[in-house]
Amino acid sequence: MEEQIKNKAYDPKSVEERWYEFWLENDCFKPPDSADGGSFSIVIPPPNVTGSLHMGHALNVTLQDILARWKRMSGKKVLWLPGTDHAGIATQNVVERQLASEGIDRHSMGRKAFIARVWEWKQRYGGHIIHQLKKMGASCDWSRERFTLDEGLSTAVRKVFVGLFEEGLIYRALRLINWCPRCFTALSDLEVEHEEAQGRLTFIRYPIVGDGSFVTVATTRPETMLGDTAVAVNPDDPRYANFIGKMVRLPLTNRLIPIVADREVDMQFGTGAVKVTPSHDFNDEAIARRQSPNLPFVTVIGEDGRMTAASGKRYAGLDRYECRKVLVSDLKDDQLLEKDIPHNHAIGHCYRCKTVIEPLPTTQWYVKVESLAGPAIEAVRSGKIKIVPEGWKNNYFSWMENIRDWCISRQIWWGHQIPAWYCPRCTGMDGKPQGANIFIALTKKLNGLKEGSYLDLRAAGATHESITSYIKYVKVDINVKPLSGIEDVTACPECGNLEILRDPDVLDTWFSSALWPFSTLGWPENTGDLKDFYPTSVLVTGFDILFFWVARMIMMGLKFMKDVPFGNVYIHALVRDEKGQKMSKSKGNVIDPLIMIEKYGTDAFRFSLAAFAAQGRDVRFSEDRVEGYRHFINKFWNASRFINLNISKYGSLIAPDTTMEQLGRDLVYAAGQNSRVTGQDSPVAGQNSIDSGQNALAATQDSLNLFDRWILSRLSYTSTEIERCFDEYRFNDAANAIYHFIWHEFCDWYIELSKTSLEKEDPYTLKCLLYVFDNAMKLLHPFMPFVTEELWQSYAHETKTIMLVPYPHPGLGDDDAEKRMQYIIDVISSIRSIRGELNVSPSKPLHAMIKTMSTDAETNLRANCSYIINLAHLESLRIGAKVEKPKGSATAVTAEMEVFVPLSGLFDVKAELERLSKELRKLNEVIDMVNKKLMNEDFRDKAPKNVLEKEKAKFEELVSKKDRILSNVNKLRELESDDTQSDDPDTQHLDPCNPKS
RNA sequence: AGGCGCGUAGCUCAGUGGUUAGAGCGCUACCUUGACACGGUAGAGGUCAGGGGUUCGAUGCCCCUCGUGCCUACCA
């Protein structure tokens, strides 16, 4: 406590690490063995092992931590399960880059050694982000941390793969896929980012065989013409009706290709004739498959993005873009280039490396999603899964309803290797021995061969063992039949062959992520965690992975757990910079969360994120606001200093060594004795409900002072509000509610008022201060775990951490106290306003008189006049129905009273007249408006009665107020013409607060 | 091209079919008052994008326009 009193400012650095260690040592993040309130679980969206904390993570983690801490304090058995995913492509890229700097490539070191190297990297650097999550204060149960390549999770992956495979929901297919020529792997549709770019539309003449005329086609990718196998026109296009069935000579090659008809050809676009390159365009592939017989596929671009041998001698080996230039110039030379005009279109890029993707025909593994999507759609439609904010539901549906099969194989090494094997000895679907259809490249020559079919290599004398140990890559033709099983397949079930080969591909990282909500809880084992925590309560994530991850988790959860993976999905915004731009390294507008923490402390940073997390809106992050919330923490810190100072001063009012818990019980006990507070419910005991409601306080009106009652009522209201906000994931509203309560109610008013009653040694005020502050710390804790723990520990408590203390529950309000308090606030504010606007020095004590218009107002003001005197800095105050306005006073008019402040001598009549007429102006505007409404017959007839009544009452009040101001104005006018501004004797001998005077 | 969202104070954003539309930051004036200058008090500042419509009543609901952002899409 002494420590705290010394420091006028909160210093987060000296605090945060200490308490995080403390929580860990005391196992505060682990779910208790039992809890009455049921369980609450969240699995973290696993960040990439390669990742380091960015704003998105920071927001994501903050929101989850708020929920976890809130639910924990609310008595739930909370599990927040952390972990990372292995991020196949990204991680492999990182390590390959590292290797490249050492002059090594992964193929030369071999698969085994490479994977060992990645693990090494992972152990060394992979924990980085976990460390950063801890800095954020994340209350994850670290003892349950998981990694998607863990043994347990790999078992789950294996089981799911085999299950789906055996059911025919996983299959291999040869078709066009998105290929990244830099990452050297297939990508799923989702992993391709489309970006609008300025390109060119090239019009090329294809000579028609026989008649010397041309058909002109338009293309954005001229280099693919080398792989054209047809030209397509719409069968209804009269321009080309006679062309269908004719042959054209493909320029720059000697190939003849047909002109075919296809309904999908858009007659409006380009020339209405389209070149068809089935190997390099999804659309063309579809045309090719619609033709009968199917059009042939000629692949002219290879996996490395260079032209293949099939493109002809002149172009083979050229980069695809280089080839484009050469080819266009060649066409020009041949007079076959009609025109080449600028053209905007969308181009797909690899989401990992931004390289332009190349559609290529390859054999890949797919998940047939249609049957999985149905139930997943239904789960959301039926409300079994609630998506918040609701707007995202539509996105979810529209994607799910048009979902396409999911390509899950990746041609990389880091990941779950596909559990599929091939027997080279068995006969394949094309009638050949399968070994002839398995192509293998080796890292070194074996018996004179560096590559060839498995059969070729064996025929040359290489053993199965030597082949498998020197594999560089393997390509398994679509005609080869895969074998799969929970256990590794070591012998061909058909022919008993022991010399079989494993599929080299690994699974898409999202395949394992899709199982995350149950694989992390121990599935396929039947664990206690699964029973306790599945389905999880809520998934907190960004919308950017709604399809990648959320949708797939729902499908997999329903399929393998027969239940949804989570009840709620809270989708939060993207964090942008203050200009609304997406943060990205290339733009250089990235704000590093760790720098924010360093500068302002974790609590201020977390609170900022929560306060800006309005639903359905992006977060525009600006550092100024973080600073603002650091000020808020400081305010809170100093409120605590104030309380501690007063404990030192007035501690004798409470028993020595009283804990906060005891204090609460005492408050109730005393209440029972002298009827300060009635009721069975203690404000702090029991469920910790804040019972300041009518029941509890009915008998206290004469004993607890107005302000104690008022602040208890505000606390109660705030708790109610916060609980409602949390329930609806309105984090920003919750943050604002607590901010407003602490700063503008507790500090601005209650602390100021308490100074007066503490001077009178009112023990209840001290107790209320402590009690309300104690609850404020609890309310704030989920947002600001560190400072609240630090402060909480400086008070005597019976429990060891604020983390596990019951969260304040909503209670009843005290309307009577709120209404009375409003009078006091109005009076004090109006006097302050007079002071401020008439430029009266704050240090000058004033006299004031209040003419009351009801006995209720009068009693209320009299009971609290010492507070008014202190807060408005008065020398004297007279209250009564008969108070007359002294000459030369400034006035303020409120609903039930008039306030006069005699200001002879330091009084600028003009300024006061100005002030009053400004108020009159405003008032007149409103009166006009209300009057218009009331004069409207339709309004009187059709508006609901209560609204009508309200308007009438409002009108009366406004008019009365106006009259009173007017009369004050008139008196001032008289004064203005009166030169003798002598001191008013009335103000001289005022007896402060004496009702009789 | 389709879908979704946004446009409210100088800035960032809340908000609601019916009180004089709010907050934070910023701004202005005054104040070093014993919790806090990372503070206090008092102020200034808004045709709620524009135009129609529904309604007794619209910033809120509907339509259109303009501006802006995002997602989805095989127009070569």
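Residues numbered from 1 in each chain as written. Chains lettered and ligands numbered in written order. Predicted model: local features only at pLDDT ≥ 70, side-chain atom pairs only at ≥ 80, totals over all residues. Heavy atoms only, no water.

*Asks:* Tell me about the sheet that holds strand β23 (residues 501-502), and please be specific about residues and values.
*Replies:* Spatially, β22-β18-β23 is the arrangement adopted by the three strands of the open sheet, whose pairing is antiparallel. Unpaired on one side and paired on the other, β22 (482-484) and β23 mark the two borders of the sheet. In the sheet, strand β18 (residues 420-422) pairs with β23 via two bridges, with the strands oriented antiparallel. When the sheet's bridge partners are listed, Y422 is paired in β23 with L501. Against the sheet, helix α8 (residues 151-166) makes contact with β18, β22 and β23, and its axis sits at roughly 130 degrees relative to β22, the strand it touches most. (Pairing = 2+ DSSP bridges. Helix = DSSP H or I, 4+ residues; strand = E, 2+ residues; numbered from the N terminus. Contact = heavy atoms within 4.5 Å. Axes fitted to C-alpha atoms, helices over the stretch in contact; angles between N-to-C directions.)

*Asks:* Which residues make up the pattern of salt bridges, and what are the values?
*Replies:* The final tally for this structure, using the stated rule, is 51 salt bridges. Of the charged contacts in the structure, one is a salt bridge between D532 and K77, with a shortest N-O distance of 3.1 Å. Of the two residues, D532 is situated in helix α17 (residues 528-533) and K77 in strand β2 (residues 77-81); the sequence distance between them amounts to 455 residues. Here D532 falls in the partly exposed class, since its relative accessible area comes to 32%. (Salt bridge = Lys/Arg side-chain N within 4 Å of Asp/Glu carboxyl O. Buried < 20%, exposed > 50% of the residue type's maximum accessible area, 1.4 Å probe, protein only.)

*Asks:* Requested: an account of the environment of E745, with residues and values cited.
*Replies:* When you line up the elements, E745 lands in helix α25 (residues 731-759). Measuring from C-alpha to C-alpha, the distance between E745 and W710 comes to 9.6 Å, with 35 residues separating the pair along the chain. Among residues more than four places away in sequence, those in contact with E745 are W710, I711, R714, T718, H740 and Y750.

*Asks:* Could you give an account of the sheet that holds strand β8 (residues 214-219), with specific residues and numbers?
*Replies:* Note on sheets: strands pair through backbone hydrogen bonds, and any given pair is parallel or antiparallel. As summarised here, the arrangement of the three strands in space is β8-β7-β13, forming an open sheet in which the pairing is antiparallel. Taken across any chain shown, the strands that pair with only one partner, and hence form the sheet edges, are β8 and β13 (337-350). For this sheet the average axis-to-axis angle between neighbouring strands, irrespective of direction, equals 20 degrees. Pairing of strand β7 (residues 192-207) with β8 involves six bridges; the strand directions are antiparallel. When the sheet's bridge partners are listed, P207 is paired in β8 with F214.

*Asks:* If you had to explain the side chain of T536 to someone new, which residues and values would you point to?
*Replies:* Topologically, T536 is positioned in strand β25 (residues 536-542). For T536, a relative accessible area of 3% gives the class buried. If sequence neighbours within four positions are ignored, T536 has contacts with S41, V43, P565, F566 and G567.

*Asks:* How would you explain a nonpolar patch on the surface if you had to name every residue and give the values?
*Replies:* There is a patch of nonpolar side chains on the surface, built from V209, M247 and L256 and spanning about 220 Å² of accessible area. Tracing the backbone shows L256 in strand β11 (residues 256-261). The partly exposed category is assigned to L256, whose relative accessible area is 41%. (Patch = residues over 30% accessible without salt bridge, like charges linked within 9 Å, V, L, I, M, F, W, Y side chains within 5 Å. Areas by Shrake-Rupley, 256 points an atom, 1.4 Å probe, with all protein chains shown as cover.)

*Asks:* Before we move on, can you summarise the packing of helix α3 (residues 55-73) against helix α20 (residues 602-612) with the specific residues and values?
*Replies:* The interhelical angle for the contact between α3 and α20, taken along N-to-C directions, is 90 degrees, at an axis separation of 9 Å. Considering the angle they form, α3 stands roughly perpendicular to α20. On α20, the residues that touch M55, A58, L59, T62, L63, D65, I66 and R69 of α3 are F605, R606, L609 and A610. When the residues that make up the contact of α3 with α20 are grouped by side-chain class, the tally is eight nonpolar, one polar and three charged. (Parallel < 35°, antiparallel > 145°, perpendicular 65-115°, else oblique. Nonpolar A, V, L, I, M, F, W, Y, C, P; charged D, E, K, R; others polar.)

*Asks:* Explain the domain arrangement of chain A residue by residue, including any values.
*Replies:* As far as domains go, chain A holds domain 1 (178-363), domain 2 (622-813) and domain 3 (826-987). With both sides pooled, the region where domain 2 packs onto domain 3 buries about 760 Å², and carbon together with sulfur makes up 64% of that total. By the criterion of area lost to domain 3, the three top residues of domain 2 are F707, W749 and T756, representing 53% of everything that side buries. Inspection of the region where domain 2 meets domain 3 yields zero salt bridges. Viewed at the interface, domain 3 and domain 2 are joined by two residue pairs in polar contact (both at pLDDT 80 or more). Breaking the side of domain 2 that touches domain 3 down by element, the ones donating at least two residues are α24 (706-727) and α25. It is α25 that provides the largest number of residues to the side of domain 2 that touches domain 3, a total of five residues. Here the side of domain 2 that touches domain 3 is built from residues that sort into four nonpolar, three polar and two charged. (Domains from an automatic or database assignment. Buried area = accessible area lost by both parts, 1.4 Å probe. Polar contact = N/O pair within 3.5 Å; in protein donor to acceptor, adjacent residues only side chain to side chain.)

*Asks:* Go over helix α7 (residues 128-135), please, and point to the residues and values.
*Replies:* Taken residue by residue, α7 has I129, I130, Q132 and L133 as its buried positions. The buried side chains of α7 occupy one side of the element, clustering within an arc of 160 degrees when seen end-on. In the core, the buried residues of α7 are packed alongside α3, β3 (83-84) and α19 (593-600). Taken from the residues just after α7, G137 is the one with a positive phi, measuring 90 degrees. (Arc of directions from axis to C-beta.)

*Asks:* A description of the packing of aromatic side chains should follow, citing residues and the corresponding values.
*Replies:* Under the counting rule described, the total for this entry stands at 45 aromatic pairs. When the centroid spacing of 5.7 Å and the interplanar angle of 75 degrees are considered together, the rings of W119 and F147 count as edge-to-face. Of the two residues, W119 is situated in helix α6 (residues 111-125) and F147 in strand β4 (residues 146-147); the sequence distance between them amounts to 28 residues. Here F147 falls in the buried class, since its relative accessible area comes to 3%. The ring centre of W23 lies 4.5 Å from the NZ or CZ of R69, which sits over that ring. (Phe/Tyr/Trp six-rings, centres within 6.5 Å; stacked < 30°, edge-to-face > 60°. Lys NZ or Arg CZ within 6 Å of the ring centre and 35° of its normal.)

*Asks:* Can you break down the environment of S188 residue by residue, with the values?
*Replies:* Among the secondary structure elements, S188 is positioned in the loop between β6 (185-187) and β7. Note on S188: relative accessible area 2%, which makes it buried. Sequence spacing of S188 and T659 is 471 residues, and the spatial spacing of their C-alpha atoms is 60 Å. If we ignore the near neighbours within four places in the chain, the residues touching S188 are N178, W406, C407, R410 and R552.

*Asks:* Give me the packing of helix α4 (residues 88-101) against α6: which residues, what numbers.
*Replies:* For the pair α4 and α6, the least separation of the axes is 10 Å and the interaxial angle reads 100 degrees. By the angle between their directions, the pair α4 and α6 is classed as roughly perpendicular. Of the residues in α6, those touching α4 at T91, Q92, V94, V95, E96, Q98 and L99 are F114, R117, V118, W121 and Y125. Taken together, the residues of the contact of α4 with α6 break down into seven nonpolar, three polar and two charged.

*Asks:* Run through the pairing of strand β26 (residues 566-572), naming residues and quoting values.
*Replies:* Regular strands place their side chains on alternate faces of the sheet. Among the seven residues of β26, six are classified as buried, and the element is accordingly described as predominantly covered. As paired elements, strand β15 (residues 386-388) and β26 share three bridges and run parallel to each other. Along β26, the bridge assignment pairs I387 with V569. Of the strand pairs in this sheet, β25 and β26 are connected by six bridges, and their pairing is parallel.

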